[in-house]
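Secondary and tertiary structure notes
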Amino acid sequence: MEPMGEVRFRQGNPDDASDVLGIKQVAIESTRGVYDDRQVEAWKPTETALSAFEQAMEDEQFVVLLVEAGDDPAGYGVLNADAGRIDAVFVEPAYTGLGLGSSLVGQLETRAQMLGLSELTVVSSLNARPFYASLGFEPFEQRTRTIDGVDLEFVAMRKTLEG
């Protein structure tokens with residue numbers, strides 16, 4: 001892999017919605033093997049989700065952070081401040097294992113603390129459970145989500161924030 005260049009984290013905005021959608025699509029594609037083809041296709045958002053992504057990025061309830069490697073969007077994370085929950089952390093498969101996801105979670109945790117939250121939850125995909133566990137999140141509940149008639153298993157996890 002080529003060197004990734006300068007890494008920058010910044011607040012996402014509605015103009016980033018198509019990059020965020022693309023990152024989520026390829027990241028979900030990479031879960032094949034943990035989830036079967038039907039599950040991946042049901043879970044993976046289509047282009048029709050673009051307006052929902054734009055709206056969420058305008059909503060003050062959500063903190064959306066984008067990470068860029070050089071000029072390329074490499075990942076994003078979403079904090080749902082009202083729910084005290086990380087709604088998403090997705091990293092382009094080409095950039096996994098480089099600490100970008102961990103950095104995104106750390107920055108979302110800092111934002112949560114700044115907003116007065118003492119605990120965060122996340123509903124993790126099965127493949128991401130070890131990642132969140134390595135960051136101090138503990139599982140507390142199995143969850144099933146049905147999308148287009150297809151069941152997907154997830155695990156709810158939580159972490160008490162320091163400070």
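Preceding block: the structure.
The following refers to the structure shown. (Residues numbered from 1 in each chain as written. Predicted model: local features only at pLDDT ≥ 70, side-chain atom pairs only at ≥ 80, totals over all residues. Heavy atoms only, no water.)

1. Some details on the environment of Val20
Along the polypeptide, Val20 turns up in helix α1 (residues 17-29). Its relative accessible area of 2% is what places Val20 among the buried residues. Considered as a pair, Val20 and Gly77 are 57 residues apart in the sequence and their alpha carbons are 9.2 Å apart. Excluding anything up to four places from it in sequence, Val20 contacts Phe53, Met57, Leu66 and Tyr76. (Helix = DSSP H or I, 4+ residues; strand = E, 2+ residues; numbered from the N terminus. Buried < 20%, exposed > 50% of the residue type's maximum accessible area, 1.4 Å probe, protein only. Contact = heavy atoms within 4.5 Å.)

2. Regarding the nonpolar core
Residues Trp43, Phe53, Tyr76 and Phe90 are the most contacted members of the largest nonpolar core, which totals 24 residues. Of all elements in the fold, only α1, α2 (37-43), α3 (50-58), β2 (62-69), β3 (72-80), β4 (85-91) and β7 (150-160) reach the threshold of two or more residues within this core. Apart from residues no more than four positions distant in its own chain, Trp43 is found in contact with Ile28, Thr31, Tyr35, Phe90, Ser125, Arg145, Ile147, Leu152 and Phe154. If you look at the next biggest cluster of nonpolar residues, it comprises 23 residues, including Ala69, Leu79, Leu100 and Phe137. (Core = buried A, V, L, I, M, F, W, Y, C linked by side-chain atoms within 4.5 Å.)

3. Section: the pattern of salt bridges
Per the stated rule, a full pass over the model turns up eleven salt bridges. The salt bridge partner of Arg8 is Glu68, with a shortest N-O separation of 2.5 Å. Highlighted residues: Arg8 in strand β1 (residues 7-11) and Glu68 in strand β2, separated in sequence by 60 residues. Residue Arg8 is classed as partly exposed on the basis of its relative accessible area of 32%. Put simply, Arg10 and Asp16 hold a salt bridge, and the shortest N to O gap is 2.8 Å. Through salt bridges with shared partners, a single ionic network connects Glu29, Arg32, Asp37, Glu41 and Lys44. (Salt bridge = Lys/Arg side-chain N within 4 Å of Asp/Glu carboxyl O.)

4. Remarks on the packing of aromatic side chains
Within this structure, the stated rule accounts for six aromatic pairs. Judged by centre distance (6.1 Å) and plane angle (35°), the ring pair of Tyr35 and Phe154 falls under tilted. Residue Tyr35 is found in the loop between α1 and α2, and its partner Phe154 is found in strand β7; the two are separated by 119 residues along the sequence. Exposure remark for Phe154: the relative accessible area of 6% places this residue in the buried category. Where Phe131 meets Tyr132, the ring centres are 5.0 Å apart and the plane angle is 70°; that geometry is what we call edge-to-face. When its relative accessible area of 23% is taken as the criterion, Phe131 is described as partly exposed. (Phe/Tyr/Trp six-rings, centres within 6.5 Å; stacked < 30°, edge-to-face > 60°.)

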